[in-house]
Amino acid sequence: MESMSFEKAMARLEEIVSRLEEGNLDLEETLQMFEEGIHLFRSCESQLKEAEGRVLKLTRNLNSGWELSLLED
Amino acid sequence: MDRGKILSVSELTAHIRGILERDRLLAGVWVKGEISDFKHYQKSGHLYFSLKEGGAVIGCVMFRSRARELRFAPENGMKVLARGYISVFEKSGRYQLYVEELEPDGLGALFLQLCQLRDRLEREGLFAADRKRPLPSFVRKVGLVTSQDGAAFRDILRIIRQRRPGTEVVIAHSAVQGETAPAEVAGAIKALNEYTDVDVIIVGRGGGSFEDLWAFNTEEVVRAVYNSKIPVISAVGHEVDYCLCDMAADVRAATPTQAAQLAVPDMNILYRDLQVVKERLQKALERYITRKWQELDYLKGKRIWSDPGSVILDRQRHLADLRGRFVRACTAVLTAKAYRLGSAARQLDALGPVKVLRRGYALVRKLEAGKIVKNVEEVYIGETLEVILGQGLMRVTVEEKEPGEEWKV
């Protein structure tokens with residue numbers, strides 16, 4: 001679940017909310033869905049907040065392959 | 001003389017027109033010549049002129065919808081390249097060139113080459129609208145194909161940092177003008193596809209002359225954009241600069257700044273959306289629980305749940321009620337019986353001696369055993385007897401006796 005992309009998590013979250021809003025699930029399902037929803041919400045939130053923000057540089061190396069390195073500002 | 005089939009003028013004209021319009025060359029042709037008899041009809045917006053060259057001339061019309069896109073003002077004597085199709089204007093019976101594109105011939109071979117390349121790639125489907133992919137809405141990593149030293153790079157970085165500081169950026173530096181630019185740009189796009197997991201690629205550079213932007217009009221770059229598995233945003237030059245790279249990309253941005261805005265969503269907006277979804281989630285659960293409570297309350301309304309004692313109380317009340325009714329019923333019966341007993345007692349009373357005594361009679365009893373004296377023979381002179389009156393009693397002594405018959409009424 002942690003590795004779920006933001007978009008997928010968001011889409012699933014929307015789905016869960018719609019199903020909950022319809023309100024014809026039983027209690028157990030409702031609580032399960034709510035729990036999953038909160039989990040997804042946290043996952044999305046942390047994805048938004050994660051602040052790596054690195055700038056990498058992709059350069060051709062001597063063996064005519066490519067390599068990534070950190071770009072210093 | 002056999003006249004064969006006789007055609008009307010319009011039938012003939014339509015026939016000629018059909019021949020011209022079916023011809024593949026005439027359906028899309030580039031013509032080089034010099035403008036003469038130029039007329040711009042203000043009302044309709046259409047342009048009418050002739051193209052002359054080497055003693056030949058062809059009438060041209062350029063409709064307003066096409067003329068609007070002109071980036072220069074045509075005038076008499078100007079050498080131009082015109083692209084269009086040949087058809088017949090039936091009212092004058094003249095064939096003419098319906099111009100769709102017009103460029104000054106000054107740029108010469110380069111421009112013609114570009115247009116031809118564009119037409120060829122277009123026919124091949126490289127610019128087809130139906131292969132444009134939507135940009136991912138949440139981008140973690142952005143690939144950049146531009147010059148590391150250019151203004152475009154700095155602009156893009158600045159915007160990305162504003163909108164979502166956490167976005168990772170991978171720059172595949174490449175020359176954006178000069179001999180090696182096309183190969184470097186194409187190679188960088190390919191490398192980003194092969195060696196990184198960026199979500200979107202921005203290919204571009206800042207503004208410059210037509211020649212400066214040339215790399216982005218080369219087949220090599222266009223094919224690299226077309227072949228990219230990662231969605232590509234093309235951002236070459238300014239708003240007015242269009243290039244083939246733009247046409248092959250999934251999205252064309254007017255400027256590098258706009259490309260960054262398109263690629264990276266504004267975190268604040270995403271965050272707001274997320275909060276809205278969360279609120280809906282919580283409300284949905286609250287509503288659900290509230291509703292279940294209501295359903296429960298409804299059942300609770302059947303008092304046994306809210307107040308189990310009440311049921312016992314009910315039973316007790318019922319019991320008390322029954323007992324009351326029982327008691328009342330019994331009392332009624334007993335009272336009736338008591339009444340009858342009372343009347344019997346009264347009858348008894350009336351028949352008994354008490355009433356008689358009250359009327360003044362007396363009852364005489366022997367002291368021993370309380371035997372009632374009915375005959376004078378039962379007593380002796382000097383015997384003490386008890387006399388019961390209507391009120392009270394007394395002891396008397398017999399002084400004298402006089403025997404007699406039983407009283408007869």
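Predicted model only: the values in this text are computed from it and were never measured. (Residues numbered from 1 in each chain as written. Chains lettered and ligands numbered in written order. Predicted model: local features only at pLDDT ≥ 70, side-chain atom pairs only at ≥ 80, totals over all residues. Heavy atoms only, no water.)

## Remarks on the overall build of chain A
Then, number 1: Along its length, chain A carries two helices and two strands.
Then, number 2: Put simply, chain A runs from its N terminus to its C terminus through helices and strands in the order α-α-β-β.
Then, number 3: Looking at the 73 residues of chain A, the share that counts as buried comes to 40%.
Then, number 4: Put simply, chain A shows about 4,500 Å² of open surface, and 48% of that area lies on carbon and sulfur atoms. (Helix = DSSP H or I, 4+ residues; strand = E, 2+ residues; numbered from the N terminus. Buried < 20%, exposed > 50% of the residue type's maximum accessible area, 1.4 Å probe, protein only. Areas by Shrake-Rupley, 256 points an atom, 1.4 Å probe, with all protein chains shown as cover.)

## Points about the packing of helix α5 (residues 151-163) of chain B against helix α9 (residues 256-263) of chain B
Residue and element names in this part refer to chain B.
Then, number 1: Taken N-terminus to C-terminus, the directions of α5 and α9 make an angle of 30 degrees; their axes are 8 Å apart at the nearest point. In this structure, α5 meets α9 at a crossing whose hand is right-handed. Contacts between α5 and α9 involve Ala152, Asp155, Ile156, Ile159, Ile160 and Arg163 from the first element and Pro256, Thr257, Ala260 and Gln261 from the second.
Then, number 2: Partitioning the contact of α5 with α9 into residue classes produces six nonpolar, two polar and two charged. (Axes fitted to C-alpha atoms, helices over the stretch in contact; angles between N-to-C directions. Left-handed = near helix turned anticlockwise from the far one by under 90°. Contact = heavy atoms within 4.5 Å. Nonpolar A, V, L, I, M, F, W, Y, C, P; charged D, E, K, R; others polar.)

## Structural notes on the pattern of salt bridges
All names here are of chain B.
Then, number 1: Evaluation of the coordinates by the stated rule reveals 26 salt bridges over all chains.
Then, number 2: Between Arg252 and Asp246 there is a salt bridge, with its nearest N and O atoms 3.1 Å apart.
Then, number 3: For Asp246, a relative accessible area of 5% gives the class buried.
Then, number 4: Through salt bridges with shared partners, one network takes in Arg66, Arg83, Glu100, Glu101, Arg118 and Asp119. (Salt bridge = Lys/Arg side-chain N within 4 Å of Asp/Glu carboxyl O.)

## Some words on the packing of aromatic side chains
All names here are of chain B.
Then, number 1: Counted according to the given criterion, the structure contains five aromatic pairs over all chains.
Then, number 2: Arranged with centres 5.3 Å apart and planes meeting at 80 degrees, the rings of Tyr41 and Tyr48 form a pair that is edge-to-face.
Then, number 3: Look at Tyr41 and you get partly exposed, because its relative accessible area is 43%.
Then, number 4: Between Tyr85 and Tyr98, the aromatic rings sit 5.2 Å apart at their centres with planes inclined by 10 degrees, giving stacked as the arrangement. Taken together, the residues span a long stretch of sequence, with Tyr85 in strand β4 (residues 79-89) and Tyr98 in strand β5 (residues 94-104) at a distance of 13 residues. (Phe/Tyr/Trp six-rings, centres within 6.5 Å; stacked < 30°, edge-to-face > 60°.)

## Quick notes on the pairing of strand β2 (residues 66-70) of chain A
Residues and elements named next belong to chain A.
Then, number 1: Here five bridges tie strand β1 (residues 55-60) to β2, and the two strands are oriented antiparallel to one another. Each residue of the ladder has a partner; that of Thr59, found in β2, is Glu67.
Then, number 2: Joining the antiparallel neighbours β1 and β2 is a turn of five residues, in which Ser64 adopts a positive phi near 55 degrees. (Pairing = 2+ DSSP bridges.)

Taken by themselves, the reported measurements are silent on function.
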